Amino acid sequence: MLVLLGFAMIATFLYLVMSKRVVPVAALILVPLVFGLAAGGGLGLADDITKSIEDVAPTAALLFFAITFFGIMIDVGLFDPLIRAILRVVGHDPAKIVVGTALLATIVSLDGDGSTTFIIVTSAFLPIYLRLGMSPVVLTCVTATANGVLNTVPWGGSTARAAAALKVSPIDIFVPMIPAIAAGLIATLVFAHLLGRSERRRLGEVELRDGVLHKRGGAGQPAHTGDAAQAATAATSGTTPVALATGPSDGDGGAESGADALISSDGTINRPSARPRLLLLNLVLTLAVMTLLVEGTLEPAVLFFVAVAIALVLNFPRVAEQREQLQAHASSVVGVVGMVFAATVLTGVLSGSGMVEAMADWLVGVIPDSLGAHFPVITGLLSIPMTFFTSNDAFYFGMLPVLNETASHYGVTPLEMARASLVGQPLHQSSPIVASFLLLVGLAKVDLGDHHRRTIWRAVVVGLIMLTIGGLTLAFPL
């Protein structure tokens, strides 16, 4: 009976989340309560949930302040010199431009927010792609994949969910996965370079002069920039040609004006909260935080408590400015932290009612013993398609706890299972059920089918590389 109730609870949760009938926070609370009461939990469920809250409180605190800290660092312009350097280096070489796109997406993804990354990257690079006649599909491909690889940072959505579901530290998940994540980034950059070379061969050597696109060594008269961009975009993406814009689309059919764009087409970064005179101090603070985070001297939550306080006082001496900064990142914080606390109801009911143990015992009985030791690899392989077709909430809160309990019978630890579960993220960020991804393709005016034809197999390869390197570096057993 517990096995049936457990699988029915997970199926109900998956259905409600995937069909968008209920927001994940509500589903994480209401569905477990109903099935927990049906399993005879009664008022004892409150104690199980309370214990689960105590287990994830340090993780929630870490996420709250880590998201705020990196949001502040982006707002004050810590990464702006690097962004400007990338824009200067790429010039008008398509191969360099695509690699620069991947690098910029990697840097901005450090704050764990996909929407921010996609807005900044499209603001910086989409005008260049259009003016050179490059395909915006290439931009969305490398941006989504790079963001997916970096969604595995401790304050990223996938790591936060895995940590909350299995009640482990996100730092303990992340640090052993650094070689695998680095391998994923390298693979993404290699794909970016190859895509850029393909664009270079298609376009030839081009240059920009006073808004006019010239193709060196080619016959005929120089084409007008808008015409060249429209023709190239239509040819490579299969979409209707669109008018050339100086910034990304606002999603309502218009284009963002150069004055309103975060990064203008000439490389100027419009950031009202920038603190260029404090750049060195902010850099020292960030490097110190990252060093202590990896070194493990201080508890991660305590470290970010202090870091946020210093960052606020250092960059915003006025109380009103400090309050504005906290409010600016409130939506990101509430979304992630609220989800983590809501998940304690699901994990508390699963463990307290005995459902997860009963389900795991059933799976142990049907899985051959020869595959038991390879459960991390099985989980990693499952995460690639499952996080594409379902939400992160559904996979990490619905499936991972059951897989983890089953794996425990073969000596596999929760940390090893959590690490392996992250390798599906490069593909997950191209899922049509991810809101920030829809923002990306909307800004770039890219057809979903065109994006997926260019991206899916590359993202799968990046995920498999991460899985292989993670196993070889002992983040989890192969």
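## With respect to the overall build of the chain
Stage number 1. Along the backbone of the chain there are 23 helices and three strands.
Stage number 2. Counting every position in the chain, which comprises 478 residues, the buried fraction comes to 54%.
Stage number 3. If you take every contact in the chain between residues at least 6 apart in sequence, the share linking residues at least 24 apart comes to 75%.

## Some points on the nonpolar core
Stage number 1. In terms of nonpolar packing, the biggest core is built from 135 residues, with F69, F125, W155, F304 and F397 touching the most fellow members.
Stage number 2. It is helix 3 (residues 44–75) that contributes the most residues to this core, 14 residues altogether.

## A look at the packing of aromatic side chains
Stage number 1. Tallying each qualifying case throughout the model produces eight aromatic pairs.
Stage number 2. When the centroid spacing of 6.0 Å and the interplanar angle of 65° are considered together, the rings of F69 and F304 count as edge-to-face. One end of the pair, F69, is in helix 3; the other, F304, is in helix 13 (residues 300–315), with 235 residues separating them in the sequence.
Stage number 3. Its relative accessible area of 0% is what places F304 among the buried residues.

## Some words on unusual backbone geometry
Most peptide bonds take the trans form, and the phi angle of most residues other than glycine is negative.
Stage number 1. If you check the backbone angles, K445 has positive phi at about 55° while not being a glycine.
Stage number 2. With respect to the helices, strands and loops of the structure, K445 is situated in the loop between helix 22 (435–444) and helix 23 (448–472).
Stage number 3. Residues other than glycine seldom take positive phi values, yet L474 does so here, at roughly 70°.
Stage number 4. By the element assignment, L474 lies in the segment after helix 23.
Stage number 5. The exposure class assigned to L474 is exposed, which follows from its relative accessible area of 71%.

## Focus: the pattern of salt bridges
Stage number 1. For the structure shown, the criterion picks out six salt bridges.
Stage number 2. Note that D393 is salt-bridged to R161, the shortest N-O span being 3.0 Å. One end of the pair, D393, is in helix 19 (residues 392–408); the other, R161, is in helix 8 (residues 157–166), with 232 residues separating them in the sequence. Each member of the pair, D393 as well as R161, is classed as buried.
Stage number 3. When salt bridges that share partners are traced, they join R275, R318 and E321 into one network.

## What to know about the environment of P414
Stage number 1. Mapped onto the elements of the fold, P414 is located in helix 20 (residues 414–420).
Stage number 2. Taking the C-alpha atoms as reference points, P414 and L403, eleven residues apart in sequence, are found 9.7 Å from one another.
Stage number 3. Look past the residues within four positions of P414 in its chain and what remains in contact with it is L166, V168 and N404.

## Points about the layout of surface pockets
Stage number 1. Taken as a whole, the largest pocket encloses approximately 1400 Å³ of empty space.
Stage number 2. Taken together, 47 residues line the largest pocket, and the ones lying closest to its centre are D113, G114, S115, V336 and S436.
Stage number 3. Those elements that place two or more of their residues in the lining of the largest pocket are helix 1 (2–18), helix 2 (24–38), helix 3, helix 6 (114–132), helix 8, helix 15 (330–352), helix 19 and helix 22.
Stage number 4. Residues belonging to the lining of the largest pocket are distributed by class as follows: 20 nonpolar, 20 polar and seven charged.

Parameters at a glance
Residues numbered from 1 in each chain as written. Predicted model: local features only at pLDDT ≥ 70, side-chain atom pairs only at ≥ 80, totals over all residues. Heavy atoms only, no water. Helix = DSSP H or I, 4+ residues; strand = E, 2+ residues; numbered from the N terminus. Buried < 20%, exposed > 50% of the residue type's maximum accessible area, 1.4 Å probe, protein only. Contact = heavy atoms within 4.5 Å. Core = buried A, V, L, I, M, F, W, Y, C linked by side-chain atoms within 4.5 Å. Phe/Tyr/Trp six-rings, centres within 6.5 Å; stacked < 30°, edge-to-face > 60°. Salt bridge = Lys/Arg side-chain N within 4 Å of Asp/Glu carboxyl O. 1 Å grid on protein atoms, 1.4 Å probe; cavity = no way out; pocket = protein on both sides within 12 Å on 5 of 7 lines; lining within 4 Å. Points joined across faces, edges and corners; volume = space filled by probe spheres on them. Nonpolar A, V, L, I, M, F, W, Y, C, P; charged D, E, K, R; others polar.

The values are spatial; any link to function lies outside them.
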